[in-house]
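Structure at a glance
Chain by chain, the residues:
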Amino acid sequence: MDLTKRQKRIVDLTRQQSPMTSEQISQSLKIGVTTIRSDLRLLTAVGILNSRPKVGYEYAGQQDPQLDFAKLYETEISQILKTPAFVKPNTSLQECVNMLFLKDAGSLYVVDETDNLLGLISRKDLLAVTVNNTDTDSMVASMVMTRMPNLITVTTEMTILEVGMLLLKHEVDSLPVVDKKNPREVVGKITKNRIFQYFVEIGKEQK
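Predicted model only: the values in this text are computed from it and were never measured.

Calculation rules
Residues numbered from 1 in each chain as written. Predicted model: local features only at pLDDT ≥ 70, side-chain atom pairs only at ≥ 80, totals over all residues. Heavy atoms only, no water. Helix = DSSP H or I, 4+ residues; strand = E, 2+ residues; numbered from the N terminus. Contact = heavy atoms within 4.5 Å. Polar contact = N/O pair within 3.5 Å; in protein donor to acceptor, adjacent residues only side chain to side chain. Pairing = 2+ DSSP bridges. Axes fitted to C-alpha atoms, helices over the stretch in contact; angles between N-to-C directions. Phe/Tyr/Trp six-rings, centres within 6.5 Å; stacked < 30°, edge-to-face > 60°. Buried < 20%, exposed > 50% of the residue type's maximum accessible area, 1.4 Å probe, protein only.

Digging into the environment of Glu58
With respect to the element layout, Glu58 can be found in strand E2 (residues 56-59). If sequence neighbours within four positions are ignored, Glu58 has contacts with Ser18, Pro19, Ile48, Leu49, Asn50 and Arg52. Engagement of the side chain of Glu58 in a polar contact is seen with the side chain of Arg52, the distance being 2.7 Å.

So this is what it looks like as structure tokens:
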């Protein structure tokens, strides 16, 4: 499958005039910078464009880029899951903060004694609670978590495109991945960064 029409126009622009900043490209296309940002990331990841800080985007010289979009977008997320970090409902907020930093995680999943999903605590949730509260030891995870069934969850057989659209729609950085037959059983997590990492890995294969 070929590039999209917009991506082809970006390639043509940079082929004719390089370097070009994202603002210059968006002005030429009469499209907002935020709209083309994902296109620029993809074209850079697969080696069609080079990105130079404070300079802009340059055409890298590939005349007929062949991208396997089926592989890029239709891969099931089971192939790229990350390992989640778990806490119990009675875990103190200070412990939650420590775990986020130790595990370099953006969110924590709150589970009961049988590992059933009860809720989720994001980095933003903890920041909002702790910024004006010094007594975090007196507060526990269950007091600040977003509870089931208010969580958006996904399953392993969903595609990267489907999950990516949910991440954008709900403006979150990650989603719990649960077992299809048991929606309370967490089997992993998927994040925006992990999907972008996957795109980069596919891009390297194309070079």
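From this point, things continue past the structure.
Regarding the sheet that holds strand E7 (residues 154-155)
Neighbouring strands of a sheet are bound in pairs by backbone hydrogen bonds; such pairs are parallel or else antiparallel. Taken in spatial order, the three strands of this open sheet run E7-E8-E9, and their pairing is mixed. Strands with a single pairing partner mark the edges of an open sheet, and in this sheet they are E7 and strand E9 (186-191). Contacting E7, strand E8 (174-178) and E9, helix H8 (residues 160-170) crosses the sheet at an angle of about 135 degrees to E8.

Thoughts on the packing of aromatic side chains
Inspection of the entire model under this criterion finds three aromatic pairs. Ring geometry for Tyr73 against Phe199: centres 5.7 Å apart, planes inclined by 90 degrees, an arrangement best described as edge-to-face. Of this pair, Tyr73 sits in helix H4 (residues 69-74) while Phe199 sits in helix H9 (residues 192-206), and the two are 126 residues apart along the sequence. Take Tyr73: its relative accessible area is 21%, and that puts it in the partly exposed class. Since its relative accessible area comes to 15%, Phe199 is described here as buried.

Here we look at unusual backbone geometry
Trans peptide bonds make up most of the peptide bonds, and negative phi angles are found at most residues other than glycine. The omega angle of the peptide bond from Ser18 to Pro19 is 0 degrees, so this bond is cis rather than trans. With respect to the helices, strands and loops of the structure, Pro19 is situated in the loop between helix H1 (5-16) and helix H2 (22-29). In this chain, Met148 is followed by Pro149 through a cis amide linkage whose omega measures 5 degrees. By the element assignment, Pro149 lies in the loop between strand E6 (146-147) and E7. Although it is not a glycine, Asp115 sits at a positive phi angle of roughly 65 degrees. With respect to the helices, strands and loops of the structure, Asp115 is situated in the loop between strand E4 (107-111) and strand E5 (117-122).

Observations regarding the pairing of E8
With five of five residues buried, E8 is to be regarded as a mostly interior element. Both faces of E8 are covered, namely the face carrying Ser174, Pro176 and Val178 and the face carrying Leu175 and Val177. Pairing of E7 with E8, which is carried by two bridges, proceeds in the parallel orientation. Of the residues in E8, the one forming a bridge with Val154 is Val177. Pairing geometry for E8 and E9, over five bridges, is antiparallel. Paired with Val177 across the two strands is Gly188, which belongs to E9.

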